[in-house]
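# Understanding the architecture of this molecule
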Amino acid sequence: MLFNSFHFLIFLPIVAVIYYILPKKVRYIWLLAASYYFYMQWNPVYVLLLLVTTLVTYAGALAIEKTSKPRTKRIVLITALTANLLMLAYFKYMNMLMSLAASLAKLFGTDDLGFSFNILLPVGISFFTLQALGYLIDVYRGDIYAEKNVFRYALFVSFFPQLVAGPIERSRGLLKQLAVPKSFSFENVRHGFITMLYGYLLKVVIADRIAIFVDAVYDSPEQFGGAFVVVATLLFTLQIYCDFYGYSTIAKGAARILGISLMDNFDAPYLAGSIKEFWRRWHISLSTWFRDYLYIPLGGSRKGRTRTYINLMIVFAVSGLWHGASLSFVAWGVLHGLYQVVEGLLGVGRSNDKLKGSDNLPADIEKVGNKETSTETAYQGREHKGKEILIRVCSVVINFILVAAAWLLFRAGSLSKSVTLIGRLFAGDGESFNLTTFTGLGVSAEYFIVVAVATLILLIVDILKYKKIDVAESYLKMNVVLRVVLTVFLLVAIILFGCYGSAYDTQQFIYFQF
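Residues numbered from 1 in each chain as written. Predicted model: local features only at pLDDT ≥ 70, side-chain atom pairs only at ≥ 80, totals over all residues. Heavy atoms only, no water.

### A look at the overall build of the chain
- Within the chain one finds 20 helices and 0 strands.
- Looking at the chain as a whole, 49% of its 514 residues are labelled buried.
- For the chain, restricting intrachain contacts to residue pairs at least 6 apart in sequence, the fraction spanning at least 24 positions comes to 77%.
- For the chain, the accessible surface area stands at approximately 24,600 Å², while carbon and sulfur atoms represent 66% of it. (Helix = DSSP H or I, 4+ residues; strand = E, 2+ residues; numbered from the N terminus. Buried < 20%, exposed > 50% of the residue type's maximum accessible area, 1.4 Å probe, protein only. Contact = heavy atoms within 4.5 Å. Areas by Shrake-Rupley, 256 points an atom, 1.4 Å probe, with all protein chains shown as cover.)

Structure representation (structure tokens):
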């Protein structure tokens, strides 16, 4: 069931109304039933995988908490982790392994391996697997209790707003909220509704509209020259952000309507001034999961610079593989790892600290006795501030270009297509870069205007978020007339300019494939 479907727009209000009508002590049972129904809309059979993951980690956590022997705890943890990771590997990577085996077989003169696999990837398996494994590790570390109620724990693993594409919630946050359901709150409903509206703006107005052009170029790169590939890659940089950020925002809003707070998964990532900062702001639930459960156990940055860089490369290679069963995803992850290694070697990110160090100018120029000195100091202060702003803007632009370049590997989906796309960057043939060609790709003047205006809204909201301003809370504190006007504006923009209905194929969220 897609968030951008009429099915979901009917499903969510029904779930919410019944949820608040029911007695508090049985509400989690209703949410569990609704979550399993939600997941079964893709493929009812694969709900068994969700059930197996739930039962294995539930039993493993109870066994870990019950025993006092460290060795037994470790054996139970490793067994449960291995069982879940093997299941994930089978469904997610078996097709890739068979493809590699077939390629190796051709080198030895045979085209027939005698068997083949064509396994359908269960939607959301990477997300709910990591969430369940995070809970298991938390219990092993003693960070949280082992949940005794199997149905409540099953809801933690399957909670429908964030089930298939995150955010990957921690047990300390979500599990404890599910244990104590909140009473109906009109404030939560208002907050959740406007949050969902913004998510839909990102998804159906920006991401799905941009997809028209991006898909045309990336699906047939041999027909287009370098200019088209550059524009399509830059647009995909915006598309994937609005698509995934849109999903996370809708999920956060839907959960808020039910009185449950989900973590922020994005925090203005394209305003980051370094790759390290980008990953503190992009897909926060995944990057913090890898930090806490892989990078730190590997030694983090505690064992010297060389080991730190090796750990970074391992984490980002695994992150790339997590995103997809293709070497292009691994290359994308490795490239981000290399970015961070180079940043570390060059000391990127420390330049601002140097500007704020011992060379700082006096904050209170009025204390400078000489008027001429005071004027000169004020001028130097403005010059110093201007230099900081210039450095920041340049670092943001350079970082954005580096991230966009890496997205080419991600969107290509295979190394062979990545090579083709890179080759097209330097090709002189292909479609000419003019308005007629754009029109032929379904891109009109309206297309550019809608994307530009919606992107400007996104930029304003991201700047406010970057400045630590809660946009949703600010909206709710506005004058009621202004609030109604903004709400109507969002609704009209989504209805008039959103990509849905018979004229378009309903676009799945990009991260559903992971």
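### Let's talk about the packing of aromatic side chains
- In this structure the tally under the stated criterion is 46 aromatic pairs.
- Plain terms: the ring middles of Tyr135 and Tyr153 are 4.5 Å apart, the flat faces sit at 40° to each other, and that makes the pair tilted. Remark: Tyr153 occurs in helix H6 (residues 150-158) and Tyr135 occurs in helix H5 (residues 125-141); sequence separation between them is 18 residues. Accessibility classification places Tyr135 together with Tyr153 in one group, the buried group.
- Measuring from ring centre to ring centre gives 6.2 Å for Tyr270 and Phe278, while their planes differ by 15°; the resulting arrangement is stacked.
- Classification of Tyr270 by relative accessible area gives buried; the value is 14%.
- Above the ring of Tyr19, the side-chain terminus of Arg27 is found at 5.2 Å from the ring centroid. (Phe/Tyr/Trp six-rings, centres within 6.5 Å; stacked < 30°, edge-to-face > 60°. Lys NZ or Arg CZ within 6 Å of the ring centre and 35° of its normal.)

### Digging into unusual backbone geometry
- Its identity is not glycine, yet His283 carries a phi of approximately 45°, on the positive side.
- Its place among the elements puts His283 in the loop between helix H10 (275-281) and helix H11 (284-295).
- If you check the backbone angles, Lys468 has positive phi at about 65° while not being a glycine.
- Structurally, Lys468 is set in the loop between helix H18 (445-466) and helix H19 (471-476).

### Structural notes on the pattern of salt bridges
- Taken as a whole and assessed by the stated rule, the structure comprises 14 salt bridges.
- Residue Asp267 is joined to Lys468 by a salt bridge in which the shortest nitrogen-to-oxygen separation is 3.8 Å. Of this pair, Asp267 sits in the loop between helix H9 (226-257) and H10 while Lys468 sits in the loop between H18 and H19, placing them 201 residues apart in sequence.
- Judged by its relative accessible area of 17%, Asp267 is buried.
- Note that Glu277 and Arg281 form a salt bridge whose closest N and O atoms lie 3.0 Å from each other. Here Glu277 and its partner Arg281 are both found in helix H10, 4 residues apart, which amounts to about one turn of the helix. Arg281 matches Glu277 in its accessibility class, with the two residues each being buried.
- Here the salt bridges share partners, and the residues they tie into one network are Asp267, Glu277, Arg281, Arg392 and Lys468. (Salt bridge = Lys/Arg side-chain N within 4 Å of Asp/Glu carboxyl O.)

### Focus: the packing of helix H8 (residues 186-219) against helix H20 (residues 480-497)
- The interhelical angle for the contact between H8 and H20, taken along N-to-C directions, is 35°, at an axis separation of 9 Å. Where H8 crosses over H20, the two elements pack in a sense that is left-handed. Counted together, Arg190, Phe193, Ile194, Leu197, Tyr200, Leu201, Val204, Val205 and Arg209 of H8 and Arg483, Thr487, Leu490, Leu491, Ala493, Ile494 and Phe497 of H20 form the full contact between these two elements.
- Per-class residue counts for the contact of H8 with H20 are 12 nonpolar, 1 polar and 3 charged. (Axes fitted to C-alpha atoms, helices over the stretch in contact; angles between N-to-C directions. Left-handed = near helix turned anticlockwise from the far one by under 90°. Nonpolar A, V, L, I, M, F, W, Y, C, P; charged D, E, K, R; others polar.)

### Quick look at H20
- Across its 18 residues, H20 extends 25 Å between first and last C-alpha, which sits within 8% of the 26 Å expected from 1.5 Å per residue.
- All of the buried residues in H20 are Arg483, Thr487, Leu490, Ala493 and Ile494. For H20, the angular spread of buried residues about the axis comes to 125°, placing them on one side. In H20, the exposed positions that point more than 90 degrees away from the buried face belong to Val481, Ile495 and Leu496.
- Where H20 is buried, its residues meet H8 and H19.
- The residue sitting at the N-terminus of H20 and contributing the capping side-chain oxygen is Asn479; that oxygen lies 2.8 Å from the backbone nitrogen of Val481. (Expected span 1.5 Å × (residues − 1). Arc of directions from axis to C-beta. Polar contact = N/O pair within 3.5 Å; in protein donor to acceptor, adjacent residues only side chain to side chain.)

### Describing H9
- Under the 1.5 Å per step criterion, the end-to-end length of H9 is 46 Å for 32 residues, consistent within 8% with the ideal 46 Å.
- Among the 32 residues in H9, 27 count as buried, and that is most of the element.

### Some thoughts on the environment of Phe266
- Take Phe266: it is sitting in the loop between H9 and H10.
- According to the relative accessible area criterion, Phe266 is buried, its value standing at 1%.
- Separated by 22 residues in the primary sequence, Phe266 and Phe244 place their C-alpha atoms 9.0 Å from one another.
- What Phe266 contacts, discounting residues up to four positions off in sequence, is Tyr241, Phe244, Tyr245, Ser248, Arg281, Trp282, His283, Ile284 and Lys465.

### Details of the environment of Leu81
- Tracing the backbone through its elements, the reader meets Leu81 in helix H4 (residues 70-107).
- Spatially, the C-alpha atoms of Leu81 and Thr57 are 8.2 Å apart, while their sequence positions differ by 24 residues.
- Not counting residues up to four positions away in its chain, the partners in contact with Leu81 are Leu133, Leu136 and Ile137.

### A few points about the packing of helix H3 (residues 47-66) against H6
- Interhelical geometry of H3 versus H6 gives an angle of 125° and a closest axis separation of 10 Å. Overall, the two elements H3 and H6 adopt an arrangement that is oblique. Judged by the twist between their axes, the crossing of H3 over H6 is right-handed. Seen from H3, the contacting residues are Leu50, Thr54, Leu55, Thr57 and Tyr58; seen from H6, they are Val150, Tyr153, Ala154, Val157 and Ser158. (Parallel < 35°, antiparallel > 145°, perpendicular 65-115°, else oblique.)

### Considerations on the environment of Val450
- Relative to the helices and strands, Val450 resides in helix H18.
- When the C-alpha positions of Val450 and Val205 are compared, they lie 7.7 Å apart, and in sequence the two are 245 residues distant.
- In this structure, Val450 is in contact with Val205, Arg209 and Phe497, ignoring residues within four places of it in sequence.

### A few points about the side chain of Ser158
- The topology assignment puts Ser158 in helix H6.
- Looking at Ser158, its side chain comes within polar contact range of the main-chain oxygen of Ala154, at 2.7 Å.
- Ignoring anything within four residues of it in the chain, the contact list for Ser158 reads Leu32, Ser35, Tyr36, Leu50 and Leu163.

### Notes on the confidence of the model for the chain
- Summing up the model confidence of the chain, the mean pLDDT is 85 and the portion of residues at 70 or higher is 85%.
- Of all helices and strands in the chain, the one with the weakest mean pLDDT is helix H14 (residues 351-355) (43), whereas H6 scores best (96).
- Counting contacts from residues 351-369, a segment whose pLDDT is below 50, to residues more than four positions away or on other chains yields 19 contacts. (pLDDT = per-residue confidence, 0-100.)

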